[in-house]
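# Residue-level structure breakdown
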Amino acid sequence: MSAPLEVLAGPFTIWVAPSGTAFTDPSATPSVSWTKVGTTGDQNYSDNGVTVALSPTYKTFTPAGSTAPTKVWRVTEVLEIEFGLVDMTAAMFAKVMNDASVTTQAATASFGGNSNVPLLQGVDVTLFALMARKTGSAAGDAFNTQFQVPLVYNAGQPKIVSKLGEPDVLDVKFTALKDPSLGYGKYLVQSSAHS
Amino acid sequence: MRYRFDGPGDSLDLRDGSEPVPLGQTFEATEERAAELRFSGLDVWSEPDATGDGQSTDEEDS
């Protein structure tokens, strides 16, 4: 791509791993602990793309003697990574269903084989570490840009509307929790290759 | 012969009344049954060859 390099386009690809997994450097291929969300990554996301939303809220103080606020506090911060997953494999369905287990039933003489995922998720919510990565950074096309978030859960509410000519989409909304030491994580712009 | 289940899925229900086989664990099956499982897309390999790369050890015997 040509200059200006700092202007980026194109969706992120999402990777998740058990919470506490070490992040992979943007210059390297994610380690085996990380699962790409979508069998072929961003090729399995709906054309709404991937939204990384940082949504702080503020409270202001307007004194009696003024018509305009004179002080402000940030009172909440929300980080959400949202996209539509167009991948109905059992493995991906299970991943967004609280990282459920997939049971594969072998074929027999009477029955075909299948892979199945329980629909009831229970009280406990699975926490993941998340990386959102895209090719290209503000420092060069050969580098990567990456969000890395240490603790997220999927707050998506999949409503599969099966229609003629439209793909089935699973709504995924990874919502961050504050990690005691890493907070909400980091935004990384790769600026050089390995030394 | 013993075979190892390498996916897909977290466990394999052989539908023979036995407990599901967890991913990476071994189970007893005939060669024919293992071939059927492989044919249906399962990653099932005999124990001496349980490397997951699908390379047969038959040639080593010849």
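The paragraphs below set out a description of the structure included in this document. Note that the coordinates shown come from a computational prediction; the quantities given were computed from them, not determined experimentally. Starting from 1, residues in each chain are numbered consecutively following that chain's sequence as written. Starting at A for chains and at 1 for ligands, labels are handed out in the order in which the entities are written. Local features in this predicted model are restricted to residues whose pLDDT is 70 or higher, and side-chain atom pairs enter the listing and the counts only when it is 80 or higher, whereas totals over whole chains, interfaces and linings include all residues.

## Quick word on the sheet that holds strand β1 (residues 2-5) of chain B
Residue and element names in this part refer to chain B.
- Any two strands are treated as partners once DSSP identifies two or more bridges connecting them. Numbered from the N terminus, helices here are DSSP runs of H or I no shorter than four residues, and strands are runs of E no shorter than two. The strand order across the open sheet built from 3 strands is β4-β1-β5, with neighbouring strands paired in antiparallel fashion. Taken across any chain shown, the strands that pair with only one partner, and hence form the sheet edges, are β4 (26-28) and β5 (44-46). Going across the sheet, the axis of each strand differs from the next one's by a mean of 40°, ignoring polarity.
- As paired strands, β1 and β5 are joined by 3 bridges and run antiparallel to one another. Across the sheet, Tyr 3 pairs through a bridge with Ser 46, a residue of β5. In this analysis, axes come from line fits to C-alpha atoms, helices being fitted only over the stretch in contact, and the angle between any two N-to-C directions falls in the range 0 to 180 degrees.

## Comments concerning the interface of chain A and chain B
- In this description, a residue-residue contact is defined by the distance between C-beta atoms placed from the backbone, which must lie within 7 Å. Listed per partner, the contact involves 13 residues of chain A and 13 residues of chain B.
- For the side of chain A that touches chain B, the secondary-structure elements that each account for two or more residues are α1 (90-96) and β7 (103-105) of chain A.
- For the side of chain A that touches chain B, the leading source of residues is β7(A), giving 3 residues.
- In this count, Pro and Cys sit with the nonpolar residues alongside Ala, Val, Leu, Ile, Met, Phe, Trp and Tyr, while Asp, Glu, Lys and Arg are called charged and the others, Gly among them, polar. Split by residue class, the side of chain A that touches chain B holds 6 nonpolar, 7 polar and no charged.
- Here 3 bridges tie β7(A) to strand β2 (residues 11-13) of chain B, and the two strands are oriented parallel to one another. Across the sheet, A:Thr103 pairs through a bridge with B:Ser11, a residue of β2(B).

## Focus on the sheet that holds β2(B)
- Pairing is mixed in the open sheet, where 4 strands are placed in the order β8(A)-β7(A)-β2(B)-β3(B). The outermost strands of the open sheet, each flanked by one partner alone, are β8 (114-116) of chain A together with β3 (21-22) of chain B.

## Side note on the nonpolar core
- Defined on buried residues, the nonpolar core groups Ala, Val, Leu, Ile, Met, Phe, Trp, Tyr and Cys residues joined through C-beta atoms within 7 Å. Three exposure classes are used, based on other C-beta atoms lying within 10 Å of a residue's own C-beta, which is placed from the backbone: buried for 20 or more, exposed for 12 or fewer, and partly exposed in between. Residues A:Ile14, A:Val16, A:Leu85, A:Leu130 and A:Ala132 are the most contacted members of the largest nonpolar core, which totals 35 residues.
- In terms of residues, this core owes the most to one element, strand β9 (residues 128-137) of chain A, which gives 5 residues.
- Apart from the residues within four sequence positions on either side, A:Leu130 is in contact with A:Ile14, A:Val16, A:Ile81, A:Val149, A:Val152 and A:Phe174.
- Core analysis: the second largest hydrophobic core is formed by 11 residues, B:Tyr3, B:Val21, B:Ala29 and B:Val44 among them.

## Side note on the pairing of strand β10 (residues 140-154) of chain A
Residues and elements named next belong to chain A.
- Pairing between β9 and β10: 8 bridges, direction antiparallel. Residue pairing in the sheet places Lys 134 in a bridge with Thr 145 of β10.
- Taking the residues that link successive antiparallel strands as the turn, the β9-β10 hairpin has 2 residues.
- Bridging between β10 and strand β12 (residues 186-189) involves 4 bridges; their strand directions are antiparallel. Each bridged residue has a counterpart across the sheet, and for Phe 147 the counterpart in β12 is Tyr 187.
- One ladder, built from 3 bridges, connects β10 with strand β11 (residues 170-176); its direction is antiparallel. Directly across from Val 152, in β11, lies its bridge partner Ala 176.

Interpretation in functional terms is not warranted from these geometric data alone.
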